[in-house]
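What the coordinates show
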Amino acid sequence: MTGNTHIIGGIAAGLAFAQVSNYDPIVLVGSSIAGALLPDICHGGSKIGRTFRITSKIVNKVFGHRSFTHSLLFLFLMAIVMNTYISNESITAGVLIGMVSHYVLDMATKNGIKLLFPLKITVRLPLTTRTGSKVENVVATVLTICSVYLAYQTIMHLL
Ligand SMILES: [Zn+2]
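Residues numbered from 1 in each chain as written. Predicted model: local features only at pLDDT ≥ 70, side-chain atom pairs only at ≥ 80, totals over all residues.

A short note on the overall build of the chain
- Scanning the chain from terminus to terminus reveals 7 helices and 0 strands.
- When the helices and strands of the chain are listed from N to C terminus, the series reads α-α-α-α-α-α-α.
- Dimensions of the chain along its principal axes, counting C-alpha atoms only, are 50 × 40 × 25 Å.
- Taking as baseline every contact in the chain between residues at least 6 positions apart, the subset at least 24 positions apart corresponds to 61%. (Helix = DSSP H or I, 4+ residues; strand = E, 2+ residues; numbered from the N terminus. Contact = placed C-beta atoms within 7 Å.)

Have a look at this one:
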């Protein structure tokens, strides 16, 4: 999936979680956007890869694309690191939720992800699409509509 789809996926996931939790919705959504971009650090052409070129190159060389940074192991390690160093739980929850949204969206692509890394099993959903395809545009549009609705709900809740 493209960076923009991941951003909107992160927003939708963060807003959805804001409905069922007491975390700060603004911090939650901001963090979930960051979390939704983080896994593609393994890919030099991605938004985050272009921002952190050297880290991206190293991660790509060591692990390859869509393996370690797209795995439950990485999610688990991030959870431990963030629980240790970040006291704001809204940030931790947001980043993790954003990462999960990224995994789910990439599982909806033909290439899938190595969710169980270091096992070399490719995990994908039964229905998949290609990155940048018309179907991806439909997915992004649906996520946008969901986000607008959820944002409205969140704002109403805040007032
Ligand atoms: Zn990815």
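What about the UniProt feature "transmembrane region" (unreviewed entry) in the chain?
- Within the UniProt annotation, "transmembrane region" (unreviewed entry) is assigned to residues 67-86 and 138-155.
- Taken end to end, residues 67-86 is 70% helix and 0% strand, and its first and last C-alpha atoms sit 25 Å apart.
- End C-alpha to end C-alpha, residues 138-155 measures 26 Å, and it is 100% helix and 0% strand. (UniProt positions renumbered as here; feature names shortened; annotations may be inferred.)

Quick look at the packing of helix H1 (residues 3-20) against helix H6 (residues 89-107)
- The contact between H1 and H6 brings their axes to 8 Å, and the two run at 130°. Judged by the angle between their axes, H1 and H6 are oblique. As H1 runs across H6, the sense of the crossing is right-handed. Contacts between H1 and H6 involve Thr5, His6, Gly9, Gly10, Ala13, Gly14 and Phe17 from the first element and Ala93, Gly94, Ile97, Gly98, Val100, Ser101, His102 and Leu105 from the second.
- In terms of residue class, the contact of H1 with H6 is built from 6 nonpolar, 9 polar and no charged. (Axes fitted to C-alpha atoms, helices over the stretch in contact; angles between N-to-C directions. Parallel < 35°, antiparallel > 145°, perpendicular 65-115°, else oblique. Left-handed = near helix turned anticlockwise from the far one by under 90°. Nonpolar A, V, L, I, M, F, W, Y, C, P; charged D, E, K, R; others polar.)

Looking at unusual backbone geometry
- Cis geometry marks the peptide bond from Phe117 to Pro118, where omega comes out at 10°.
- For Pro118, the position within the fold is in the loop between H6 and helix H7 (134-158).

Quick word on the environment of Thr55
- Within the element layout of this structure, Thr55 appears in helix H4 (residues 53-63).
- Given 13 C-beta atoms within a 10 Å radius, Thr55 is considered partly exposed.
- The sequence separation of Thr55 and Ile41 amounts to 14 residues, and the corresponding C-alpha distance is 7.4 Å. (Buried ≥ 20, exposed ≤ 12 C-beta atoms within 10 Å, placed from the backbone.)

Concerning the nonpolar core
- Counting 37 residues, the largest nonpolar core has Ile11 and Ala12 as the members making the most contacts within it.
- Mapped by element, the contributors of at least two residues to this core are H1, helix H2 (25-37), H6 and H7.
- Considering every element that reaches this core, the biggest residue donor is H6, with 10 residues.
- Once residues lying within four places of it in the same chain are set aside, the contact partners of Ile11 are Val29, Ser32, Ile33 and Ser147. (Core = buried A, V, L, I, M, F, W, Y, C linked by C-beta atoms within 7 Å.)

A few points about the packing of H1 against H7
- Orientation of H1 relative to H7, taken along the N-to-C sense of each, is 35°, at an axis distance of 8 Å. Read as a crossing pair, H1 and H7 show a hand that is left-handed. Of the residues in H7, those in contact with Asn4, Thr5, Ile8, Gly9, Ile11, Ala12, Leu15, Ala16, Ala18 and Gln19 of H1 are Glu136, Val139, Ala140, Leu143, Thr144, Cys146, Ser147, Leu150, Ala151, Gln153 and Thr154.
- Split by residue class, the contact of H1 with H7 holds 12 nonpolar, 8 polar and 1 charged.

What about the environment of Thr122?
- Structurally, the position occupied by Thr122 is in the loop between H6 and H7.
- When the C-alpha atoms of Thr122 and Cys42 are compared, they prove to be 16 Å apart, with 80 residues separating the residues in sequence.
- Not counting the four nearest positions on each side in its chain, Thr122 is found in contact with Gly112 and Lys114.

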